[in-house]
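Summary of the model geometry
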Amino acid sequence: MGDERAVLVGGQIGETVGGRGGDTVTEWAGALVLGDAEDVRRAAEELAQGRAVAHGFANVYAMTAGPDPAAVERVNRLKGRPAGQSGSVTTVPSALPGLFDWTRLPPELPRRQVRSLVEELYELGPFGFRGPAADRVPGHLTEVQDGVRTVRVVAPGRACPSNAFLAAALERTGGDVLFVTSANRARQLPHWRAEGVVADFGREPEVRVLVHADDAAARRGYPHHEPVAASVVSFHRAAGRGRSGLPALTLERQGSLSAEHIRSVAANHGFALALSPRAASRPGARAYVPGAARGR
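Figured I'd write up the structure that's included with this text. Note that this is a predicted model, so its numbers are computed, not measured.

Let's shift gears to the nonpolar core. Formed by 54 residues in total, the largest nonpolar core has its most connected members in M63, F100, V114, F235 and L249. Here this core takes five residues from helix 3 (residues 111–124), the largest share from any one element. Judged by nonpolar contacts, the second largest core, of 16 residues, contains L32, V53, A95 and L166.

The structure is reproduced here in structure tokens:
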């Protein structure tokens, strides 16, 4: 592809034009750009008015909406999922710990060590955590697992510019939690290129697209993460003990950060890692069809 990029022309993905720096995106019809304060403000206001926003989220794209049941149902239907599916929530770094009820951790999982592990994984980049849900988390955004009311928080990592958008959206919705899911149709892999998101959702009246200014730069910012859905570790219960005798957390989903990398980080905080059956393999990144949403 060289230094060409696919461009959106009149609502369609068009042929490429050269000289724009590969994945750099400067103009998309109807799309806004992360890093532009006015675009971020506009996207946050539209979310508060009921629209979903498909936006850069670390090295991939996510779709974020208000936490109310109607917004969650709209996004689920838009993606082709069951309307009542609970999914995940997201928030800004300062509010993330407050979404969990740390008093309900099992005694084998010391609170301070779990929190330090969460912080390190979040510093590395996008990650997901399932734990006992705080009372403030709405019931339709929780899921009972192993007899525990849990919430799955998926966040883009501290360095992602989408935190400015999330902060603006939370300010306008007046809460500390938003609904989030991957920016793709049901049973498809997450998008990691802006033109793919625009092709899928750019014409949807209920969706605003907020793209990375440079998709390639966004991916380079996370050298240990593949452009797939974030890995998820659960700590609402202990999963026995590992070979080392350390109490084990569960890898619920093996995604952007590999199980080996997570296991190494967990050991530094005094935990082993047990893989759920669904986390036995790591998905590959989405492939793009030349002429539609061009990949490398």
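Still more to cover.
What follows concerns the pattern of salt bridges. Within the structure shown, the criterion is met by 15 salt bridges. In this structure, R136 and D176 form a salt bridge, with 2.8 Å as the shortest nitrogen-oxygen distance. Of the two residues, R136 sits in the loop between strand 7 (127–132) and strand 8 (143–145) while D176 sits in the loop between helix 4 (162–173) and strand 10 (178–182), which places them 40 residues apart along the sequence. In this structure, R152 and E252 form a salt bridge, with 3.4 Å as the shortest nitrogen-oxygen distance. Pair noted here: R152 is in strand 9 (residues 148–155) and E252 is in strand 13 (residues 248–253), with a separation of 100 residues, a long-range link. Where salt bridges share partners, they join R42, E46, R51 and R208 into one cluster.

Located in the positive-phi region is A58, a residue other than glycine, with phi close to 60 degrees. Tracing the sequence through the fold places A58 in the loop between strand 4 (52–57) and strand 5 (60–65). Even without being a glycine, R187 presents a positive backbone phi close to 65 degrees. Looking at where R187 falls in the secondary structure, it is placed in the loop between strand 10 and helix 5 (194–201).

About the cut-offs
Residues numbered from 1 in each chain as written. Predicted model: local features only at pLDDT ≥ 70, side-chain atom pairs only at ≥ 80, totals over all residues. Heavy atoms only, no water. Core = buried A, V, L, I, M, F, W, Y, C linked by side-chain atoms within 4.5 Å. Buried < 20%, exposed > 50% of the residue type's maximum accessible area, 1.4 Å probe, protein only. Helix = DSSP H or I, 4+ residues; strand = E, 2+ residues; numbered from the N terminus. Salt bridge = Lys/Arg side-chain N within 4 Å of Asp/Glu carboxyl O.

None of this, on its own, says anything about what the molecule does.
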